[in-house]
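Structural description and commentary
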Amino acid sequence: MNKVLKEILSTVIYLGVVFLLTFLFITFVMQRTEVSGSSMNPTLIDGDSLLIEKVTYRFGDAKRFDIVVFPYRYGNDEYFIKRVIGLPGETVKIDTEGNIFINDVILKENYGAEVILDPGIALEGVTLGEDEYFVMGDNRNHSMDSRDPSVGNIKKKDILGHAFLRIFPFSSFGGVK
């Protein structure tokens, strides 16, 4: 009987360690997320399953064009996935022709997706704080992003991580640009 109790205790401890390590991994290293909506078309499609890496931004800053995940401040457990356009300290402006300017220099986007912003949607110069990022969806005309006051500029502490790998659908498996 004593041998059986030792075996049960050993199994319980083993399972506890496995659950603890899994929890720590998901909390601090990496997690899976699913794209919901069309704001990142054509780069990411509704239903895509992604892996989000959480370590890099603990030790460094997000870079322009990184695809980041952050919580929507007015949603219950709702997360947004967008592309970093403006970096801390920069001024972002959008003219009536749909051109994006960073510190009065037109932004050249070259990451595989053709991004078009409808003319007429202007944004006065927004200067980002020391820990703020300006984010936009790739489907610019159908994206709730930093241009929307309910989203606004994203603070570094609110960025959960960046999308780096599409794991589903299998036909699109691979790195996220």
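Residues numbered from 1 in each chain as written. Predicted model: local features only at pLDDT ≥ 70, side-chain atom pairs only at ≥ 80, totals over all residues. Heavy atoms only, no water.

Here the focus is the environment of Tyr 57. Looking at the element boundaries, Tyr 57 is found in helix H2 (residues 56-59). By relative accessible area, Tyr 57 is classed as buried at 9%. Setting aside residues up to four positions removed in sequence, Tyr 57 forms contacts with Ala 62, Asp 66, Val 68, Lys 156, Ile 159, Gly 161 and His 162. A polar contact of 2.5 Å, which involves the side chain of Tyr 57, links it to the side chain of Asp 66. (Helix = DSSP H or I, 4+ residues; strand = E, 2+ residues; numbered from the N terminus. Buried < 20%, exposed > 50% of the residue type's maximum accessible area, 1.4 Å probe, protein only. Contact = heavy atoms within 4.5 Å. Polar contact = N/O pair within 3.5 Å; in protein donor to acceptor, adjacent residues only side chain to side chain.)

Moving on, we get to the confidence of the model for the protein. When pLDDT is averaged along the protein, the result is 87; 95% of the residues meet or exceed 70. Per-element confidence in the protein is highest for strand S9 (residues 132-136), whose mean pLDDT is 96, and lowest for strand S12 (residues 174-175), whose mean pLDDT is 74. (pLDDT = per-residue confidence, 0-100.)

Moving on, we get to the pattern of salt bridges. Taken as a whole, this structure holds 10 salt bridges when the rule is applied. The closest approach of N and O atoms between Arg 32 and Glu 34, which form a salt bridge, is 4.0 Å. With relative accessibility at 47%, the residue Arg 32 sits in the partly exposed group. Across the pair Glu 132 and Lys 155 runs a salt bridge, and its minimum N-O distance is 3.3 Å. With Glu 132 in strand S9 and Lys 155 in strand S10 (residues 154-155), this pair connects stretches of sequence that are 23 residues apart. Taking the relative accessible area as the measure of exposure, Glu 132 reaches 15% and is therefore buried. Here Lys 155 falls in the partly exposed class, since its relative accessible area comes to 31%. A cluster of three or more residues bridged by salt bridges with shared partners is formed by Asp 131, Glu 132 and Lys 155. (Salt bridge = Lys/Arg side-chain N within 4 Å of Asp/Glu carboxyl O.)

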